[in-house]
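Close look at the chain arrangement
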Amino acid sequence: MNKKNFKIISLFMAVILIAVSFSTRVEAKTLKATVSGATLEAGKQFTLTNMPYNGKHSPIKEYAGSPLNFSSVQNFAYTPDGKYIFTTSECRTSGTKHTLLCRCTVPGTKGADASAECVDTLVLGRYGHGEAIDITQDDPNSEVYNLWVATTPNSGTIFGTEIARITYKITNGKGSIVKTVKITNFRKANVVKGKAKYFKGKPKPRRLNVSIDKANNQIMFRVQFPTGKGVNYVAYDYDKLNTALNKVGNNGKYSITKAAKWQKANLRTSLVPYMTFQSFAISDNKLYVCGGHMNKGAQIYVIKYKTCKNVKKIKMQEKMKKSQIYKIYDITPQITVADKTLGIADLEIEGMKLEKDASGKLYAHVNFFMNKTPIRESIGIYKFGL
């Protein structure tokens, strides 16, 4: 082979190597899927019945001697033993906003005609809007549940800025709170070289939410700052954090800075469908962000994130471009309630939870706010595959 041909072949190979290297850096195309109204209808699990509402048959009417006004269900979560579904919503006494907690029995048979009856209610005084809840259970043989909810709204806002772990015990069919621990100081949930630090600019959280993937030993907090200051999702070792909270006394507080050594991931992303956050959940190192609004639609964004075993090497991941979304589920808001078809002008997606069956198949459960529809016996839970 002469020198001229050798140079040509070498140049050609170099071009190929550069092209291959470039192609590995190009982000994969976002996957898309549609969830039709028919799929929602087919996956209806049950209707919540005997729910609190603004009427004479409401199972609860007052709090601390003052009349209550109720709004629709914001979010929900199942107990790990499958016996109950708890819902959270906003209720008010005059101008003060509280979180209404409802416990409903899950029916043995699911379907369009099935009912989950509200059997117990509890007002969490001054907890705010009621948009965040997840549930864990330390002993599967005991009806004692840890309810993770948002609390402590900032002055003049409705959203919680801390997370309360409420230990709820059922005795002879009646539920009661036996312990509450509040997780605080999320403005310093930014772990850098193993140490708890402020986020840039030292902003105070405006809105907190929580999701737990116990099978993956993760608990993630969504820390939303004031407009323009961003949103961070911070994940921790669930078992270690939960054990630490067990050691805190009733009505005690636990600064998230103490858990810095257990942080697993720090993802910064403001990506949310229709620029309207409703709820989120995690599963297998994927973030599922649910958002939507009446007259606009409903979607779920799936965003991958990486975890790090060495807390000193954790770096904030930033995913701010829509092209960085792994998958988008476009949900058609259309369901039938009391023989009336409700569509995009009447429905707003609210809560979402994930469920994995024995085969590993993942499902989403969602509920909707329904415009001009009584909330006493109309709110359904809908399930579809992901």
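The rules behind these values
Residues numbered from 1 in each chain as written. Predicted model: local features only at pLDDT ≥ 70, side-chain atom pairs only at ≥ 80, totals over all residues. Heavy atoms only, no water. 1 Å grid on protein atoms, 1.4 Å probe; cavity = no way out; pocket = protein on both sides within 12 Å on 5 of 7 lines; lining within 4 Å. Points joined across faces, edges and corners; volume = space filled by probe spheres on them. Helix = DSSP H or I, 4+ residues; strand = E, 2+ residues; numbered from the N terminus. Nonpolar A, V, L, I, M, F, W, Y, C, P; charged D, E, K, R; others polar. Buried < 20%, exposed > 50% of the residue type's maximum accessible area, 1.4 Å probe, protein only. Pairing = 2+ DSSP bridges. Contact = heavy atoms within 4.5 Å. Axes fitted to C-alpha atoms, helices over the stretch in contact; angles between N-to-C directions. Phe/Tyr/Trp six-rings, centres within 6.5 Å; stacked < 30°, edge-to-face > 60°.

**Observations concerning the layout of surface pockets**
Estimates place the volume of the largest pocket at around 800 Å³. Y78, P80, L354, E355 and K356 are, among the 28 residues lining the largest pocket, the residues nearest its centre. Taken together, the elements giving at least two residues each to the lining of the largest pocket come down to β5 (69-78), β9 (133-136), β15 (207-213), β20 (277-283), β27 (347-356) and β28 (362-370). With four residues, β27 is the largest single contributor of residues to the lining of the largest pocket. Each pocket or cavity is described by its volume, and for the second largest pocket that value is around 380 Å³. Q224, V231, S270, V272 and M275 are the residues nearest the centre of the second largest pocket, which is lined by 17 residues in total. Classifying every residue of the lining of the second largest pocket by side-chain character gives eight nonpolar, six polar and three charged.

**Quick look at the pairing of β9**
Of the two faces of β9, the one lined by I133 and I135 and the one lined by D134 and T136 are each fully buried. Alignment of β9 against strand β10 (residues 144-153), held across four bridges, turns out to be antiparallel. Bridging from a neighbouring strand, D134 pairs with W148 of β10.

**Observations regarding the sheet that holds strand β17 (residues 231-237)**
Strands sit in the order β15-β16-β17-β19-β23 across an open sheet of five strands; the sheet is mixed. Looking at the sheet topology across the chains shown, the edges are occupied by β15 and β23 (317-318). Helix α3 (residues 238-246) contacts β15, β16 (218-224) and β17 of the sheet and is inclined by roughly 80° relative to β17.

**Considering the packing of aromatic side chains**
Under the definition given, this model contains eleven aromatic pairs. Measuring from ring centre to ring centre gives 6.5 Å for F46 and Y78, while their planes differ by 80°; the resulting arrangement is edge-to-face. With F46 in strand β2 (residues 44-49) and Y78 in strand β5, this pair connects stretches of sequence that are 32 residues apart. Residue class for F46 comes out buried when judged on its relative accessible area of 0%. A residue is classified by how much of its surface remains accessible, and Y78, at 23% relative accessible area, is partly exposed. Cluster of aromatic residues (ring-pair linked, three or more members): Y84, F86, Y145 and Y168.

Taken by themselves, the reported measurements are silent on function.
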